[in-house]
Amino acid sequence: MQYRTETRSSFSSYNKVNNMGVFPSDTLARVESMAGENAVVIFSVSTCCMCHAVKGLFRGMGVSPAVHELDLHPYGVDIHRALLRLLGCSSGASTSPGGLPVVFIGGKMVGSMERVMASHINGSLVPLLKDAGALWL
């Protein structure tokens with residue numbers, strides 16, 4: 001099986017067109033649609049260690065999340081900006097992986113790594129996963 005690998009630089013012409021922090025009006029709708037496609041959805045960057053850790057956490061619990069690697073996605077920069085705005089970050093124009101990973105459970109945003117780990121530690125993550133149908137214990 002062959003995989004097509006693309007990097008952020010592959011989309012440099014797209015990034016230049018949309019470098020002012022302005023994204024198409026359908027970007028939030030795209031994020032909502034992607035977030036609802038599976039019980040657990042992770043927006044990630046393929047080279048981010050925190051993203052790798054949160055994916056490992058869910059897989060270790062027996063959850064199969066849908067993972068969207070934004071550095072490999074044609075609209076990754078815009079989706080990242082939209083996620084930063086949803087997280088309440090002051091700069092929606094960032095192109096660094098700040099704010100990632102972002103996790104959605106049952107179509108609702110849980111948040112970034114800190115929020116996911118806090119939920120795991122305080123015991124509220126498993127009930128969220130059960131309610132979303134991602135975990136059968």
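Before reading on, note that the structure itself is shown above.
Quick look at the structure, then.

Reading guide: rules and limits
- Residues numbered from 1 in each chain as written.
- Predicted model: local features only at pLDDT ≥ 70, side-chain atom pairs only at ≥ 80, totals over all residues.
- Heavy atoms only, no water.
- Helix = DSSP H or I, 4+ residues; strand = E, 2+ residues; numbered from the N terminus.
- Expected span 1.5 Å × (residues − 1).
- Buried < 20%, exposed > 50% of the residue type's maximum accessible area, 1.4 Å probe, protein only.
- Salt bridge = Lys/Arg side-chain N within 4 Å of Asp/Glu carboxyl O.
- Pairing = 2+ DSSP bridges.
- Axes fitted to C-alpha atoms, helices over the stretch in contact; angles between N-to-C directions.
- Contact = heavy atoms within 4.5 Å.

Moving on, we come to helix H4 (residues 76–87). In this model H4 runs 16 Å from its N-terminal to its C-terminal C-alpha over twelve residues, within 8% of the 16 Å that 1.5 Å per residue would give. Among the twelve residues of H4, nine are classified as buried, and the element is accordingly described as predominantly covered. All buried positions along H4 are accounted for by Gly 76, Val 77, Asp 78, Ile 79, His 80, Arg 81, Ala 82, Leu 83 and Leu 84. Directly beyond the C-terminal end of H4, a positive phi value near 85° is found at Gly 88.

Under the definition given, this model contains three salt bridges. Note that Lys 55 and Glu 69 form a salt bridge whose closest N and O atoms lie 2.7 Å from each other. Note that Lys 55 is positioned in helix H3 (residues 49–60) and Glu 69 in strand S2 (residues 66–69), a separation of 14 residues in sequence. When its relative accessible area of 9% is taken as the criterion, Lys 55 is described as buried. Across the salt bridge formed by Arg 81 and Asp 78, the nearest N and O atoms sit 3.5 Å from each other. Separated by three residues within a single helix, Arg 81 and Asp 78 lie in helix H4, roughly one turn from each other. The burial state of Arg 81 is the same as that of Asp 78; both residues are buried.

So, about the pairing of strand S3 (residues 102–105). Of the two faces of S3, both are covered, the one formed by Val 102 and Phe 104 as well as the one formed by Val 103 and Ile 105. Summarising the sheet, strand S1 (residues 40–44) and S3 pair through four bridges and their orientation is antiparallel. The residue bridging Ile 42 from the neighbouring strand is Val 103, located in S3. Where S3 meets strand S4 (residues 108–111), three bridges bridge the pair, whose relative direction is antiparallel. Considered in S4, the bridge of Val 103 is made with Gly 111. As consecutive antiparallel partners, S3 and S4 are separated by two residues, and within that stretch Gly 106 has a phi angle of approximately 60°, a positive value.

With that out of the way, let us pick up the sheet that holds S3. Read from one edge to the other, the open sheet built from four strands follows the order S2-S1-S3-S4, with strand pairing classed as mixed. Edge positions in the sheet fall to S2 and S4, since each has one partner strand and no second. Direction aside, the axes of adjacent strands within the sheet are offset by 25° on average. Its contacts with the sheet put H3 on S1, S2 and S3, and the angle it makes with S1 is roughly 165°. Contacts from helix H5 (residues 113–122) reach S3 and S4 within the one sheet, and its direction differs from that of S4 by about 90°.

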